[in-house]
Amino acid sequence: MDKAKRRTVIAGNWKMNKTARQAAELIDALIPAVQGAGCDVVICTPFTSLPAAVEKCKGTNIHVGAQNVHFEANGAYTGEISAEMLTDLGVEYVITGHSERRQYFAETDETVNKRTRAALAAGLQVIVCVGESLTQREQGVTEELVRLQVKIALQGVSAQEMQRVIIAYEPVWAIGTGRTATADQAQEVCAAIRRVLAELYGQDVADATTIQYGGSMNAGNADELLAKADVDGGLIGGASLKADAFAAIVAAAGK
Ligand code: PEP
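Worth saying up front: this structure is predicted, and the values here are computed from it rather than measured. (Residues numbered from 1 in each chain as written. Predicted model: local features only at pLDDT ≥ 70, side-chain atom pairs only at ≥ 80, totals over all residues. Heavy atoms only, no water.)

## A short note on the pairing of strand β8 (residues 233-236)
Item 1. What you see with β8 is no split at all: Gly233 and Leu235 on one side and Gly234 and Ile236 on the other are buried throughout.
Item 2. Pairing of strand β1 (residues 9-13) with β8 involves four bridges; the strand directions are parallel. Bridge assignment links Ile10 to a residue of β8, and that residue is Gly234.
Item 3. Note: strand β7 (residues 211-214) against β8, two bridges, orientation parallel. Bridging from a neighbouring strand, Gly214 pairs with Leu235 of β8. (Buried < 20%, exposed > 50% of the residue type's maximum accessible area, 1.4 Å probe, protein only. Helix = DSSP H or I, 4+ residues; strand = E, 2+ residues; numbered from the N terminus. Pairing = 2+ DSSP bridges.)

## Let's talk about helix α11 (residues 243-253)
An α-helical turn contains 3.6 residues, so any two residues separated by three or four positions project in the same direction.
Item 1. Of all the positions in α11, only Ala243, Phe246, Ala247, Ile249, Val250, Ala252 and Ala253 are classed as buried.
Item 2. Looking at the buried side of α11, the elements it contacts are β1, α1 (20-34), β2 (40-44), α10 (222-226) and β8. (Contact = heavy atoms within 4.5 Å.)

## A closer look at the packing of helix α7 (residues 142-153) against helix α8 (residues 183-201)
Item 1. Contact pair α7 / α8: the axes reach a minimum separation of 10 Å and the direction vectors enclose 45°. Relative to α8, the element α7 lies oblique. With respect to the hand of their crossing, α7 and α8 are arranged in right-handed fashion. For the pair α7 and α8, the contacting residues are Thr142, Glu143, Val146, Arg147, Val150 and Lys151 in the first and Val189, Ala192, Ile193, Arg195, Val196, Leu197, Glu199 and Leu200 in the second.
Item 2. Grouping the amino acids of the contact of α7 with α8 by side-chain chemistry returns eight nonpolar, one polar and five charged. (Axes fitted to C-alpha atoms, helices over the stretch in contact; angles between N-to-C directions. Parallel < 35°, antiparallel > 145°, perpendicular 65-115°, else oblique. Left-handed = near helix turned anticlockwise from the far one by under 90°. Nonpolar A, V, L, I, M, F, W, Y, C, P; charged D, E, K, R; others polar.)

## Concerning the site of the ligand
Item 1. Taken together, 14 residues are adjacent to the ligand, and Lys15, Glu170, Gly176, Ser216 and Gly237 come closest.
Item 2. The side chain of His98 places a nitrogen or oxygen atom 2.9 Å from an oxygen atom of the ligand.
Item 3. Taking 290 Å² as the accessible area of the ligand by itself, protein coverage stands at 95%.
Item 4. Considered class by class, the residues forming the shell around the ligand number four nonpolar, eight polar and two charged. (Near = heavy atom within 4 Å. Polar contact = N/O pair within 3.5 Å; in protein donor to acceptor, adjacent residues only side chain to side chain. Areas by Shrake-Rupley, 256 points an atom, 1.4 Å probe, with all protein chains shown as cover.)

## Some thoughts on the state of the cysteines
Item 1. Tallied over the entire structure, the rule returns zero disulfides.
Item 2. Free cysteine Cys129: the closest other cysteine sulfur is in Cys44, separated by 8.9 Å.
Item 3. With no disulfide of its own, Cys190 lies closest to Cys129 among cysteine sulfurs, the gap being 12 Å. (Disulfide = S-S within 2.5 Å.)

As structure tokens, this is what we get:
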């Protein structure tokens, strides 16, 4: 596996944290802390902070993303935000299929696919999240489950569009729990994801696709996780809310 063929991307998922003013303060601290990073840096803020984030990050190496997007272009979908609304703001990335959306907001593999396709059609880069629950891991179905999630999420996505897709492997039992997958566990599943990408799109596309690990990644464990052959970055929740903690992971990824 040749890591040089793909981008290393560290993305922060701020979840439902920070008002627009607090977001601006965090970005002010982040800009100098990640300047000159040796990897791509993304922050996914709540919708309400996106305008401030886009404005603040102009001319910096920080890219801005949203945490969800609706699949319809417009219409009677109260409370939803379309892909065009995001691109119109200058947003470049969006997360689809985060486990919290699957767990609390009835997100399914099919709706993850619809959101992913809508986002790609609008020109966004998409971080597609997949991962197993603790029960599924204990049942020994992790690889089958993740393969299925990837296959359904990417139905109808072309090889060309795959240049704007990142897969984030996030074991549900490791998200926000302080319990990280071991580097070997992360590598095993990220490698399985790359194999399914090769089956779907061929080895060149698989080798060029960034696959992140997410789940309690922090400054202390980032080095070991990112050293693995198929781990090309991280999706960071809790540790992305503090500039120094996030910058330390960015620094580890840039080594
Ligand atoms: C996440 O929200 O995608 C995540 C990985 O969270 P945490 O880093 O807090 O586990």
